[in-house]
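# Results of the structural survey
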Amino acid sequence: MFTYQSTLNNSQLEELIQICGASNVLFKEEDKEIYGSDETEDYFFVPAVVVKPASADEISKIMKIANRDGIPVTPRGAGTGLSGGALPVFGGIVLSTERLNRIIEIDERNLQATVEPGVINQVFRDAVEEKGLFYPPDPASRGSCFWEEIWLKMRVDPKP
Ligand SMILES: Cc1cc2nc3c(=O)[nH]c(=O)nc-3n(C[C@H](O)[C@H](O)[C@H](O)COP(=O)(O)OP(=O)(O)OC[C@H]3O[C@@H](n4cnc5c(N)ncnc54)[C@H](O)[C@@H]3O)c2cc1C
C-alpha cells in the first residue's frame, strides 16, 4: 500500500532551507495560509510547507527529498485556477513557481520563446508585442496568472 507523509519534521525543513534559503521556505501558519486556497470556491487545504525554488537545480533537490520520504508535492503557479488543481489536498509541500519569472529568450526568427514557468501571462504578452509579435492566449486572469505549462518552449504567432 502507498503511504505518504503529509507533515514534515524539523530535519526535513532544515534540508529545504539549505536548498532555497530561509526566506523561501514558509512553514508558519500565517505565512502559508494563502497557499491553502486558489480561486476555486470554498476549498481550503493548508500545506505543511511552501517552498519557492529559483532554479531547476533547486527543484530537483526538493523532489529528491520528497521522493525519498514519500512527501506529496503540489506545484503552484499564481493560484488563479478554478478547478482546485493547485490545492495541496494531501498536505506536504506546495512548490511555488513565483520566483521562476524570467523570459530567457524570444527567438523572433523561429517564433519560439523560452520562459520560466512563473512569468505572468500579460508580462509575456507585452514582451512579444514590443517585438511586433502576438501571443494569442488571453484569459481574463492574464494580469496575474502564470505562463505555467510544463514545457518551457512555446510558439508565438505573427501579429495578424
Ligand atoms: C478572474 C479569473 C478569470 C479567468 N479567466 C480565464 C479565462 O478566460 N480562460 C481560462 O482558460 N482560464 C481562466 N481563468 C482560470 C485560470 O486563470 C487559468 O486556469 C490559469 O491558466 C491558471 O494559472 P495559474 O498560474 O494561476 O495556475 P495555478 O492555479 O497555480 O495552477 C493550475 C494547475 O497547474 C498546475 N501547475 C502550475 N504550475 C505548474 C508547473 N510549473 N508545472 C506543472 N504543473 C503546474 C497546478 O498544480 C494546478 O494543477 C480565470 C481565473 C480567474 C480567477
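This text follows the structure it describes.
Please read these numbers as outputs of a predicted model, since none were measured by experiment.

About the thresholds
- Every chain's residues receive numbers from 1 upward, in the order its sequence appears when written.
- Local features in this predicted model are restricted to residues of pLDDT 70 or higher, and side-chain atom pairs are both shown and tallied only at a pLDDT of 80 or more, whereas totals for entire chains, interfaces and linings draw on every residue.
- Here, a nonpolar core means buried Ala, Val, Leu, Ile, Met, Phe, Trp, Tyr and Cys residues linked by C-beta atoms lying within 7 Å of one another.
- Working definition of burial: number of other C-beta atoms within 10 Å of the residue's own, with buried at 20 or more, exposed at 12 or fewer, and partly exposed in between, all C-beta atoms being placed from the backbone.
- Secondary structure is summarised from DSSP: a helix means a run of H or I of at least four residues, a strand means a run of E of at least two, and numbering begins at the N terminus for each.
- By the criterion used throughout, residues are in contact when their C-beta atoms, derived from the backbone, lie within 7 Å.
- Being near a molecule or strand means, for a residue, that its C-beta atom, positioned from the backbone, comes within 6 Å of it.
- Nonpolar residues are Ala, Val, Leu, Ile, Met, Phe, Trp, Tyr, Cys and Pro. Charged residues are Asp, Glu, Lys and Arg, and all others, Gly as well, are polar.
- Just so you know, the domain bounds were taken from an automatic or database domain assignment.

### With respect to the nonpolar core
- In terms of nonpolar packing, the biggest core is built from 18 residues, with Leu16, Val49, Val51, Ile62 and Ile93 touching the most fellow members.
- Taken together, the elements giving at least two residues each to this core come down to α1 (10-20), β1 (25-26), β2 (49-51), α3 (56-69) and β4 (93-96).
- Filtering out sequence-adjacent residues up to four positions away, Val51 remains in contact with Leu16, Cys20, Asn24, Val25, Ile62, Ile93 and Leu95.
- In terms of nonpolar packing, the next biggest core, distinct from the first, is built from eight residues, Ala113, Phe124, Tyr135 and Phe146 among them.

### Quick look at the site of the ligand
- Not every one of the 22 residues close to the ligand is listed here, only the nearest: Gly77, Gly81, Gly85, Pro139 and Ser141.
- Here the shell around the ligand gets three residues from one element, more than from any other, and that element is strand β3 (residues 73-76).
- In terms of residue class, the shell around the ligand is made up of ten nonpolar, eight polar and four charged.
- When residues of the shell around the ligand are assigned to domains, at least three map to each of domain 1 (10-96) and domain 2 (103-158).

That is the geometry; function is a separate question.
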